[in-house]
Amino acid sequence: MKKTIKIVIAIATIFLMIGVVSAANPVDIFKAPSGFTASGNDTFTDGQNHNIQIFNFTKEQYSKWFENNSAFSIGKFKEGNLFNHEYEKHYGVLEVVEKDGNKYIIDSWTAKNPNEGNNLKKNLEEFNSVNDLKPIMG
């Protein structure tokens with residue numbers, strides 16, 4: 001009986017571990033652009049204070065980042081689906097993408113200064129290129 005319980009516990013543990021691994025975090029789903037490395041479950045960083053952060057798309061996240069009543073100051077950044085925002089010295093370019101049937105909000109950001117917009121946009125475009133993505137609207 002004790003041996004059977006140990007086997008059942010071992011099998012349950014294996015299934016639990018498989019479940020945790022299969023709930024992949026965003027960094028495992030996407031490739032990093034040149035010069036960027038994974039830093040946590042949802043962020044790539046280049047060591048120069050440039051970051052690409054990935055959020056699972058939800059209505060709440062979309063509202064937080066893209067709607068006018070959010071805490072962020074948001075305006076168009078030169079092209080249709082790219083946005084910039086400033087919040088507590090957090091400057092970035094945002095987009096919504098779809099990969100494998102799931103939507104994500106991608107934030108290319110820095111705490112450096114607001115004049116980084118072109119670099120942030122370039123980082124986001126390279127991210128899109130290496131992951132074969134095109135921005136969509138939510």
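Bear in mind that the values here come from a model prediction, so they are computed numbers and not experimental data.

1. Considerations on helix α3 (residues 59-66)
Piece 1. Taken residue by residue, α3 has Tyr62, Trp65 and Phe66 as its buried positions. Axial view of α3: buried residues confined to an arc of 80°, hence all on one face.

2. A short note on the environment of Asn102
Piece 1. Within the secondary structure, Asn102 sits in strand β7 (residues 102-110).
Piece 2. By relative accessible area, which is 40% here, Asn102 ends up partly exposed.

3. Looking at the nonpolar core
Piece 1. Ranked by size, the top nonpolar core spans 14 residues in total, and within it Phe30, Phe44, Ile52, Ile54, Tyr104, Ile106 and Phe127 carry the most contacts.
Piece 2. At the level of secondary structure, the elements contributing two or more residues to this core comprise β3 (50-56), β6 (91-99), β7 and α4 (117-130).
Piece 3. Of the residues forming this core, the biggest block, three residues, is contributed by α4.
Piece 4. Apart from residues lying up to four places away in sequence, Phe30 is in contact with Phe44, Ile54, Lys99, Tyr104, Phe127, Asn131 and Leu133.
Piece 5. Counting residues in hydrophobic clusters, the runner-up holds seven residues, among them Phe55, Phe66, Leu94 and Val96.

4. Comments concerning the packing of aromatic side chains
How two aromatic rings sit relative to each other is set out by the distance from centre to centre and by the angle between their planes.
Piece 1. Tallied over the full model, the rule gives four aromatic pairs.
Piece 2. Consider the rings of Phe30 and Tyr104, whose centres lie 5.0 Å apart with planes at 85°: the pair is edge-to-face. A residue pair is termed long-range when its members are at least 10 positions apart, and Phe30 in the loop between α2 (26-29) and β1 (37-38) and Tyr104 in strand β7 qualify at 74 residues.
Piece 3. Using a relative accessible area of 4% as the deciding quantity, one classes Tyr104 as buried.
Piece 4. Ring plane angle 40° and centroid distance 5.4 Å describe the contact between Phe30 and Phe127, whose orientation is recorded as tilted. Note that Phe30 is positioned in the loop between α2 and β1 and Phe127 in helix α4, a separation of 97 residues in sequence. In this structure, Phe30 and Phe127 share a single accessibility class: buried.
Piece 5. Three or more aromatic residues joined by ring pairs form one cluster here, namely Phe30, Phe44, Tyr104 and Phe127.
Piece 6. Positioned over the ring face of Phe57 is Lys103, at 5.3 Å from the centre of the ring.

5. A few points about the pairing of β3
Piece 1. Burial analysis of β3 places six of its seven residues in the buried class, the great majority of the element.
Piece 2. Relative to β3, strand β2 (residues 43-45) is paired through three bridges, and the arrangement is antiparallel. For Thr45, the partnering residue across the bridge sits in β3 and is Asn51.
Piece 3. As consecutive antiparallel partners, β2 and β3 are separated by four residues, and within that stretch Gly47 has a phi angle of approximately 80°, a positive value.
Piece 4. Alignment of β3 against β7, held across seven bridges, turns out to be antiparallel. Note on β7: the bridge partner recorded for Asn56 is Tyr104.

What counts, and at which threshold
- Residues numbered from 1 in each chain as written.
- Predicted model: local features only at pLDDT ≥ 70, side-chain atom pairs only at ≥ 80, totals over all residues.
- Heavy atoms only, no water.
- Buried < 20%, exposed > 50% of the residue type's maximum accessible area, 1.4 Å probe, protein only.
- Helix = DSSP H or I, 4+ residues; strand = E, 2+ residues; numbered from the N terminus.
- Arc of directions from axis to C-beta.
- Core = buried A, V, L, I, M, F, W, Y, C linked by side-chain atoms within 4.5 Å.
- Contact = heavy atoms within 4.5 Å.
- Phe/Tyr/Trp six-rings, centres within 6.5 Å; stacked < 30°, edge-to-face > 60°.
- Lys NZ or Arg CZ within 6 Å of the ring centre and 35° of its normal.
- Pairing = 2+ DSSP bridges.

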